[in-house]
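Here is how the chains run, residue by residue.
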Amino acid sequence: MKKIAIVTGASRGIGREIAKTLARKNIQVIANYNKSEEAANNLKNELKEEDIEIDIKKADVSRREEAKQLVEYTLKKYGRIDILINNAGISEYKLFTDETDEDWNKVINTNLYSAFAMSQEVIPSMIHNKQGCIINISSAWGVVGGALEVIYSVSKAGIDGLTKALAKELGPSSIRVNSIAPGMIDTQMNSNFNAEEIKQIEDEIPLGRVGNPRDIARCIEWLIEDEYTTGQIISVNGGWIIT
Ligand code: NAP
């Protein structure tokens, strides 16, 4: 039976590559987007050229009602959800003392609350089927903290807490929950870094380069096939941060 996967934030960057990778593995993908409708349409058309059909669905997953509608749409159309990739996220780069309550709410709701709400909506179907795989995209900053990215770091550390606790709660239902914590990945999220800054970072990375979305998608490929890994924070960062 064809597996069904929701990937949040799949219009660009890492989520887009994950959606493509899953779809090419004969998994039915529901690729969520929020603002980038054109990019989501391009993704659908790109895969159509390979004779692969994916669904694209708009939802602001930081809002409960829209997360709920995304899951209801999927269950109504496909009857089940086997894989949930909580990838949607935004970054912020500010001195801690300049951060506002609005910044806090925006980053926490987009990066952390979305994973809470999406997981809550999806899990009843997974429990019913006694199987499921949830992968949360956290960050190296959730593990070690990042200066000028305090709220972002909090949101990602929160994701990792969610991963560990949920893995324990859902293990008996054969549902695995893991985080992938990327290092620096070449996407629009890092477009504020200039070439010299990137070079400096690359000099600190043992594997000598920043990552690309494919590096993360490869880890996803492994994790969805795996049957015995749960509650783990898997760092994919070229050795930049080794704990
Ligand atoms: P990106 O290129 O900026 O893409 C972000 C994606 O998230 C977009 O598809 C965007 O969709 C979506 N998104 C944002 N807010 C959303 C919302 N409220 N509802 C639904 N979708 C939403 O960033 P990226 O680098 O691929 O990041 C993907 C994930 O990896 C994030 O969780 C990020 O924190 C994490 N990460 C990235 C890096 C890195 O170096 N790039 C490192 C560690 C972790 P729309 O454009 O359609 O709104």
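Residues numbered from 1 in each chain as written. Predicted model: local features only at pLDDT ≥ 70, side-chain atom pairs only at ≥ 80, totals over all residues. Heavy atoms only, no water.

1. Some thoughts on the packing of aromatic side chains
The full count for this structure, using the stated rule, is three aromatic pairs. Both rings, one in Y93 and one in F193, keep their centres 6.3 Å apart while their planes meet at 70°; by these two values the pair is edge-to-face. A residue pair is termed long-range when its members are at least 10 positions apart, and Y93 in the loop between β4 (83-86) and α4 (101-129) and F193 in the loop between β6 (175-182) and α7 (195-204) qualify at 100 residues. Taking the relative accessible area as the measure of exposure, F193 reaches 24% and is therefore partly exposed. On the basis of an interplanar angle of 50° and a centroid distance of 5.7 Å, the ring pair of Y113 and F116 is categorised as tilted. Taken together, the positions of Y113 and F116, both in helix α4 and three residues apart, correspond to about one turn of that helix. (Phe/Tyr/Trp six-rings, centres within 6.5 Å; stacked < 30°, edge-to-face > 60°. Helix = DSSP H or I, 4+ residues; strand = E, 2+ residues; numbered from the N terminus. Buried < 20%, exposed > 50% of the residue type's maximum accessible area, 1.4 Å probe, protein only.)

2. A word on the pairing of strand β3 (residues 55-58)
Where strand β2 (residues 28-33) meets β3, four bridges bridge the pair, whose relative direction is parallel. Following the sheet pairing, A31 is matched in β3 by I56. The parallel pair β2 and β3, bridged by helix α2 (residues 37-48), forms a crossover whose chirality is right-handed. (Pairing = 2+ DSSP bridges. Right-handed = clockwise from strand over helix to strand, strands pointing away.)

3. Quick notes on the pairing of β2
Most of β2 sits out of view: six of its six residues are buried. The two faces of β2 match: Q28, I30 and N32 on one face and V29, A31 and Y33 on the other face are all buried. Bridge count between strand β1 (residues 4-7) and β2: four bridges; the pairing is parallel. In the strand pairing of β2, V7 is matched with A31. Between the parallel elements β1 and β2, the chain passes through helix α1 (residues 13-24) in a crossover that is right-handed.

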